[in-house]
Amino acid sequence: MQPKLELISFKLCPFVQRAVIVLKKKAVDFDITYIDLNNPPEWFKEISPLGQVPVLKVTTDQGTEVLFESSVIQEYVDEITPPSLQPDDPLIKAKNRAWISFGADILFAMHGFITHPDQLVCEEKEGVIRQKLKQLESAHSGGDYFNGETFNLIDAAYAPMLMRMSFIKQLCGSDLLSDTPKLAHWSECLMALPCVKESVVDNLQQMYAGMVKNMNGHMAKQFSDS
Ligand SMILES: N[C@@H](CCC(=O)N[C@@H](CS)C(=O)NCC(=O)O)C(=O)O
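Residues numbered from 1 in each chain as written. Predicted model: local features only at pLDDT ≥ 70, side-chain atom pairs only at ≥ 80, totals over all residues. Heavy atoms only, no water.

## Quick word on the site of the ligand
For step 1, the next point in the chain: For the ligand, the full set of nearby residues is Cys13, Pro14, Phe15, Leu37, Gly51, Gln52, Val53, Pro54, Glu69 and Ser70.
For step 2, the next point in the chain: In the model, an oxygen atom of the ligand is placed 3.2 Å from a nitrogen or oxygen of the Gln52 side chain.
For step 3, the next point in the chain: Burial of the ligand by the protein amounts to 72% of the accessible area it has alone, namely 510 Å².
For step 4, the next point in the chain: With respect to the pocket detection grid, the ligand is positioned in the largest pocket.
For step 5, the next point in the chain: Here the residues of the shell around the ligand are counted per class, giving 6 nonpolar, 3 polar and 1 charged. (Near = heavy atom within 4 Å. Polar contact = N/O pair within 3.5 Å; in protein donor to acceptor, adjacent residues only side chain to side chain. Areas by Shrake-Rupley, 256 points an atom, 1.4 Å probe, with all protein chains shown as cover. 1 Å grid on protein atoms, 1.4 Å probe; cavity = no way out; pocket = protein on both sides within 12 Å on 5 of 7 lines; lining within 4 Å. Sits in = over half its atoms within 2 Å of the grid points. Nonpolar A, V, L, I, M, F, W, Y, C, P; charged D, E, K, R; others polar.)

## Here we look at the sheet that holds strand E3 (residues 55-60)
For step 1, the next point in the chain: Spatially, E2-E1-E3-E4 is the arrangement adopted by the 4 strands of the open sheet, whose pairing is mixed. At either end of the open sheet lies a strand with only one pairing partner, and these are strand E2 (31-34) and strand E4 (63-68). Going across the sheet, the axis of each strand differs from the next one's by a mean of 20 degrees, ignoring polarity.
For step 2, the next point in the chain: With 4 bridges connecting them, strand E1 (residues 4-9) and E2 associate as parallel partners. (Pairing = 2+ DSSP bridges. Helix = DSSP H or I, 4+ residues; strand = E, 2+ residues; numbered from the N terminus. Axes fitted to C-alpha atoms, helices over the stretch in contact; angles between N-to-C directions.)

## Considerations on helix H5 (residues 119-139)
For step 1, the next point in the chain: Look at H5: 31 Å from first C-alpha to last across 21 residues, which is about the 30 Å you get at 1.5 Å a residue.
For step 2, the next point in the chain: Those residues of H5 that sit buried are Cys122, Ile129, Arg130, Lys132, Leu133, Leu136 and Glu137.
For step 3, the next point in the chain: Elements that come into contact with the buried residues of H5 comprise helix H4 (90-115), helix H6 (153-172) and helix H7 (181-191).
For step 4, the next point in the chain: One side-chain oxygen at the N-terminal end of H5 lies 2.8 Å from the backbone nitrogen of Leu120; it belongs to Asp118. (Expected span 1.5 Å × (residues − 1). Buried < 20%, exposed > 50% of the residue type's maximum accessible area, 1.4 Å probe, protein only. Contact = heavy atoms within 4.5 Å.)

## What to know about the domain arrangement of the protein
For step 1, the next point in the chain: Looking at the assigned domains, one finds that the protein contains domain 1 (4-79) and domain 2 (90-222).
For step 2, the next point in the chain: Placing a centre on the C-alpha atoms of domain 1 and another on those of domain 2 gives a separation of 21 Å.
For step 3, the next point in the chain: Each partner contributes to the interface: domain 1 provides 17 residues, whereas domain 2 provides 24 residues.
For step 4, the next point in the chain: Between domain 1 and domain 2, the buried area comes to about 1800 Å², and carbon and sulfur atoms account for 70% of it.
For step 5, the next point in the chain: For the pair domain 1 and domain 2, the interface holds 1 salt bridge.
For step 6, the next point in the chain: Of the charged contacts in the structure, one is a salt bridge between Glu75 and Arg97, with a shortest N-O distance of 2.7 Å.
For step 7, the next point in the chain: Applying the counting rule to domain 1 against domain 2 returns 6 residue pairs in polar contact (both at pLDDT 80 or more). (Domains from an automatic or database assignment. Buried area = accessible area lost by both parts, 1.4 Å probe. Salt bridge = Lys/Arg side-chain N within 4 Å of Asp/Glu carboxyl O.)

## Quick word on the packing of aromatic side chains
For step 1, the next point in the chain: Inspection of the entire model under this criterion finds 7 aromatic pairs.
For step 2, the next point in the chain: When the centroid spacing of 5.3 Å and the interplanar angle of 50 degrees are considered together, the rings of Tyr158 and Trp186 count as tilted. Of this pair, Tyr158 sits in helix H6 while Trp186 sits in helix H7; the two residues are 28 residues apart in sequence, bridging distant segments of the chain. The same class applies to Tyr158 as to Trp186, namely buried.
For step 3, the next point in the chain: Members of the aromatic cluster, joined through ring pairs, are Phe146, Tyr158 and Trp186.
For step 4, the next point in the chain: The lysine or arginine in question, Lys11, covers the ring of Tyr34, its NZ or CZ lying 5.1 Å from the ring centre.
For step 5, the next point in the chain: Positioned above the aromatic ring of Phe151, the side-chain terminus of Lys25 is 4.9 Å from the ring centre. (Phe/Tyr/Trp six-rings, centres within 6.5 Å; stacked < 30°, edge-to-face > 60°. Lys NZ or Arg CZ within 6 Å of the ring centre and 35° of its normal.)

## Let's talk about unusual backbone geometry
For step 1, the next point in the chain: For the bond running from Val53 to Pro54, omega is 0 degrees, close enough to zero to count as cis.
For step 2, the next point in the chain: Tracing the sequence through the fold places Pro54 in the loop between helix H2 (42-47) and E3.
For step 3, the next point in the chain: Pro83 follows Pro82 through a cis peptide bond whose omega is 5 degrees.
For step 4, the next point in the chain: With phi around 50 degrees, Ala27 is a residue other than glycine that occupies positive phi space.
For step 5, the next point in the chain: With respect to the secondary-structure elements, Ala27 resides in the loop between helix H1 (14-25) and E2.
For step 6, the next point in the chain: Using a relative accessible area of 66% as the deciding quantity, one classes Ala27 as exposed.

## Here we look at the packing of H1 against H6
For step 1, the next point in the chain: Packing of H1 against H6 brings their axes to within 8 Å, and their N-to-C directions diverge by 135 degrees. Comparing the axis directions of H1 and H6 gives the class oblique. You can see that H1 and H6 cross each other, and the crossing is right-handed. Every residue of H6 that contacts H1 at Pro14, Gln17, Arg18, Ile21 and Val22 is listed here: Leu153, Ala156, Ala157, Ala159, Pro160, Met163 and Arg164.
For step 2, the next point in the chain: Its residues placed into classes, the contact of H1 with H6 shows 9 nonpolar, 1 polar and 2 charged. (Parallel < 35°, antiparallel > 145°, perpendicular 65-115°, else oblique. Left-handed = near helix turned anticlockwise from the far one by under 90°.)

The structure is reproduced here in structure tokens:
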């Protein structure tokens, strides 16, 4: 029997989106419960060991278990719904895991870049992001997807970051992918996929712009009004 899945989400969270993309790609039935991370409910504090989303509640005949950490949730969903989205070769699979972890650092640097009040700090963060993207570019196949022409878990893991980079480009004209053509092509391919398009709420870009404006950082001042 397929377990019943409930994903605990915050609409703006890129790590939740990693899990949603895999669930959509695999056409898995799941419920999604949104919480306000700024005012999390008591039940969430009790079940989330790190106080973070995503959390996946998995209910089977044996009871309910809680999974946390987006990469673990991605792998679990993949494993219970064959065929796998992981590369067959253990070495490539391990390398993909390492680069998925690397992606979290870029997401954290992006958050600093887009919200910090100080222009110099933003420029420094942009430099860090561009440097990391060049490293990622050197590991990328140059195909439509990270490993070539097949969509793997690593593509689901990076799509949320690339989507936010496209928001940043549209909102303030800053093209973080301008030095990395392989990543720019990858982004176009991923953004065209239904599992990526359907992994977020319809107004995510406006919500993202609103969040950044509220934090009142230097980059928010560069936003066009569109
Ligand atoms: N390593 C975690 C990171 C998840 C994460 O940072 N989630 C953020 C929202 S995007 C969160 O829950 N933040 C609340 C907090 O840290 O208190 C994962 O990959 O799942």
